[in-house]
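What follows is the residue order along each chain.
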Amino acid sequence: MSTPTRLLLVNGPNLNMLGTREPEVYGHDTLADVEALVERTAAEASYEVRTVQSNHEGVLIDAIHAARDDCAGIVINPGALTHTSVALRDALLAAELPVVEVHLSNVHRREPFRHHSYVSDIAEVVVVGAGIDGYEFGVRQLLRVLG
Ligand code: DHK
């Protein structure tokens, strides 16, 4: 089977609130802005994007499992699940796809509980603190990894 020309963009809990949620931390751009930016960036390389945002861990896990069959890689901001979820980590491992982890804020400059990620050591690239631009960079890095 040929490699699919589709990426999965995963946004975790509370990221549906982008634009209104703590704008001093997460900025003024909305989730729709993030998704449009990712779609535009991927389209430059003729990749399409499937997007999922959920406040429910199982929905994200199901989407990651499904990506195994028809996506080439995953860009993920797991939100707070970054710091808590072995289940999400295991789903990413099960998908056997390259992963780029993105955080809008610089998690290392924030509370200590945000310093550990269950995803970073299984990600190809980790981008933190670049705001919405981090997603664009993350897509470009995923495309580089995919060759
Ligand atoms: C987003 C969240 O929702 C937080 O729980 C993480 C991350 C940081 C971000 O910076 O995008 O700790």
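Worth saying up front: this structure is predicted, and the values here are computed from it rather than measured. (Residues numbered from 1 in each chain as written. Predicted model: local features only at pLDDT ≥ 70, side-chain atom pairs only at ≥ 80, totals over all residues. Heavy atoms only, no water.)

### A few points about the site of the ligand
Surrounding the ligand, one finds Arg-21, Tyr-26, Asn-77, Gly-79, Ala-80, His-83, His-103, Leu-104, Ser-105, Val-107, Arg-110 and Arg-114. Within the side chain of Asn-77, a nitrogen or oxygen atom sits 2.8 Å from an oxygen atom of the ligand. Note that an oxygen atom of the ligand is positioned 2.8 Å from one of the side-chain N or O atoms of Arg-114. Of the residues assigned to the shell around the ligand, the class counts are four nonpolar, five polar and three charged. (Near = heavy atom within 4 Å. Polar contact = N/O pair within 3.5 Å; in protein donor to acceptor, adjacent residues only side chain to side chain. Nonpolar A, V, L, I, M, F, W, Y, C, P; charged D, E, K, R; others polar.)

### What to know about the side chain of Ser-117
The residue Ser-117 is located in the loop between strand E4 (99–103) and strand E5 (125–128) in this model. By relative accessible area, which is 13% here, Ser-117 ends up buried. Engagement of the side chain of Ser-117 in a polar contact is seen with the side chain of Glu-101, the distance being 2.9 Å. Among the polar contacts listed, one links the side chain of Ser-117 to the backbone nitrogen of Val-119, at a separation of 2.9 Å. Other than its neighbours up to four places away in sequence, Ser-117 contacts Thr-82 and Glu-101. (Helix = DSSP H or I, 4+ residues; strand = E, 2+ residues; numbered from the N terminus. Buried < 20%, exposed > 50% of the residue type's maximum accessible area, 1.4 Å probe, protein only. Contact = heavy atoms within 4.5 Å.)

### Some details on the nonpolar core
Within the largest apolar cluster, 23 residues are counted, with the highest numbers of intra-cluster contacts made by Leu-7, Leu-9, Val-75, Tyr-135 and Val-139. Residue assignment for this core shows that the elements contributing at least two residues are strand E1 (6–11), helix H2 (31–43), E4, E5 and helix H5 (133–146). One finds Ala-95, Val-99, Val-119 and Ala-123 within the second-largest nonpolar core, a separate group that totals 20 residues. (Core = buried A, V, L, I, M, F, W, Y, C linked by side-chain atoms within 4.5 Å.)

### Concerning the packing of aromatic side chains
Under the counting rule described, the total for this entry stands at zero aromatic pairs. Lying over the aromatic face of Tyr-26, Arg-21 brings its terminal NZ or CZ to 4.0 Å of the ring centre. (Phe/Tyr/Trp six-rings, centres within 6.5 Å; stacked < 30°, edge-to-face > 60°. Lys NZ or Arg CZ within 6 Å of the ring centre and 35° of its normal.)

### Topic: the pattern of salt bridges
In the structure shown here, the tally under the stated rule is nine salt bridges. Two residues, Glu-48 and Arg-6, come together in a salt bridge whose shortest N-O distance is 3.0 Å. Of the two residues, Glu-48 is situated in strand E2 (residues 48–53) and Arg-6 in strand E1; the sequence distance between them amounts to 42 residues. Residue Glu-48 is classed as partly exposed on the basis of its relative accessible area of 46%. Salt-bridge contacts for Glu-111 lead to Arg-110; the nearest nitrogen and oxygen are separated by 3.9 Å. Since its relative accessible area comes to 31%, Glu-111 is described here as partly exposed. (Salt bridge = Lys/Arg side-chain N within 4 Å of Asp/Glu carboxyl O.)

### Some details on the environment of His-116
Relative to the helices and strands, His-116 is located in the loop between E4 and E5. Each C-alpha atom, one on His-116 and one on Thr-84, is 8.8 Å from the other, the two residues being 32 residues apart in sequence. In contact with His-116, other than residues within four places in its own chain, are Thr-82 and His-83.

### Quick word on H2
Taking 1.5 Å per residue, 13 residues should reach 18 Å; H2 reaches 18 Å between its end C-alpha atoms and fits that length. Looking at the buried positions of H2, the neighbouring elements they touch are E1, E2 and H5. (Expected span 1.5 Å × (residues − 1).)

### Considerations on unusual backbone geometry
Here the phi dihedral of Asn-14 falls at roughly 75°; this positive angle occurs in a residue that is not glycine. With respect to the helices and strands, the residue Asn-14 is situated in the loop between E1 and helix H1 (23–26). The residue Glu-22 is not glycine, and still its phi comes out positive at about 35°. Tracing the chain through its elements places Glu-22 in the loop between E1 and H1.

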